[in-house]
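Observations on the model geometry
Residue strings, one per chain:
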Amino acid sequence: MTRNSPDIRVAVYRKIALLPEDVLLALDRAEAHDIEQGRDWLANLINTVFPDDQGVAFYALFGGDELLALLPVRHADRGEVLSLGNFYTSLYQPYLASGLTVESLARLLEFIKDADRTVSAMRHAPMDVDGRCYKLLLAASREARFFSFSFFCFGNWYLPVTTDYVSYFSGRPSQIKNSIKRKSREFQQAGGTLEIIFGTDRVEHGIEAYESVYSSSWKVPEPFPEFVPSLIRMLARNGWLRLGVAMLNG
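In this report, we go over the structure that sits alongside the text. (Residues numbered from 1 in each chain as written. Predicted model: local features only at pLDDT ≥ 70, side-chain atom pairs only at ≥ 80, totals over all residues. Heavy atoms only, no water.)

Per the stated rule, a full pass over the model turns up 9 aromatic pairs. Plain terms: the ring middles of Trp-41 and Phe-227 are 5.5 Å apart, the flat faces sit at 80 degrees to each other, and that makes the pair edge-to-face. Residue Trp-41 is found in helix H2 (residues 39-49), and its partner Phe-227 is found in helix H8 (residues 227-237); the two are separated by 186 residues along the sequence. Both residues of the pair, Trp-41 and Phe-227, belong to the buried class. Judged by centre distance (6.4 Å) and plane angle (40 degrees), the ring pair of Tyr-165 and Tyr-168 falls under tilted. Here the residue Tyr-165 and the residue Tyr-168 both occupy positions in helix H5 (residues 165-170), the gap between them amounting to 3 residues, near one helical turn. Accessibility expressed as a relative area gives 57% for Tyr-165, which makes it exposed. (Phe/Tyr/Trp six-rings, centres within 6.5 Å; stacked < 30°, edge-to-face > 60°. Helix = DSSP H or I, 4+ residues; strand = E, 2+ residues; numbered from the N terminus. Buried < 20%, exposed > 50% of the residue type's maximum accessible area, 1.4 Å probe, protein only.)

Now the structure itself:
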């Protein structure tokens, strides 16, 4: 489905397999900065969490032949348009080209509203309030005459690390370094081994170990049990996997 104007064109795609090559290439570029913007993450999310959901849609905004924005969303009940994601999604960051303006993005939001008269609300979450995507979407929502406001989802606490592990470890307090060395020695003496799985050769062993630990933990069963195993396999295929498996006496 498309809608045209002299300088702006909007296209709607219901499946990743239908995305044109230039859109897929844009996702690949975005993936270098955030894996959750990439085609592989989105495909895994749809296949394992929303396989039969008819509300999944990719709204692409073009300026001439240039892709300006791609909003992956899901039309839910009660006319809500939600970010394509769930509790596995750490941040929602749709693809927004560097030259995208607030006015052009507002046109895309207006198109979504006008194309489906049942739309009563749009909810983009979770987002980084300090990020460009959040600021653009909020400004564009107001430009499109939506009653727009922000709300708190959660906070993340993390330590930025700019060095390699050796340098990082050498900078830790002596008490921490001594504890790690002592516990590592005790673990090895007790028959412990640690394996880091990188590629596909041992990935099924890693998945089996992960699921074994998970099933014997305090955690409730996964509502979408195929998401994490499929994610691990995808990471292994792309050479991104670092899966640690600790074994004690086999």
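Here the narrative resumes.
Moving on: the side chain of Glu-80. Relative to the helices and strands, Glu-80 is located in strand E5 (residues 80-83). Under the relative-accessibility criterion, Glu-80 is labelled buried at 18%. Apart from the residues within four sequence positions on either side, Glu-80 is in contact with Arg-74, His-75, Ser-120, Ala-121 and Arg-123. (Contact = heavy atoms within 4.5 Å.)

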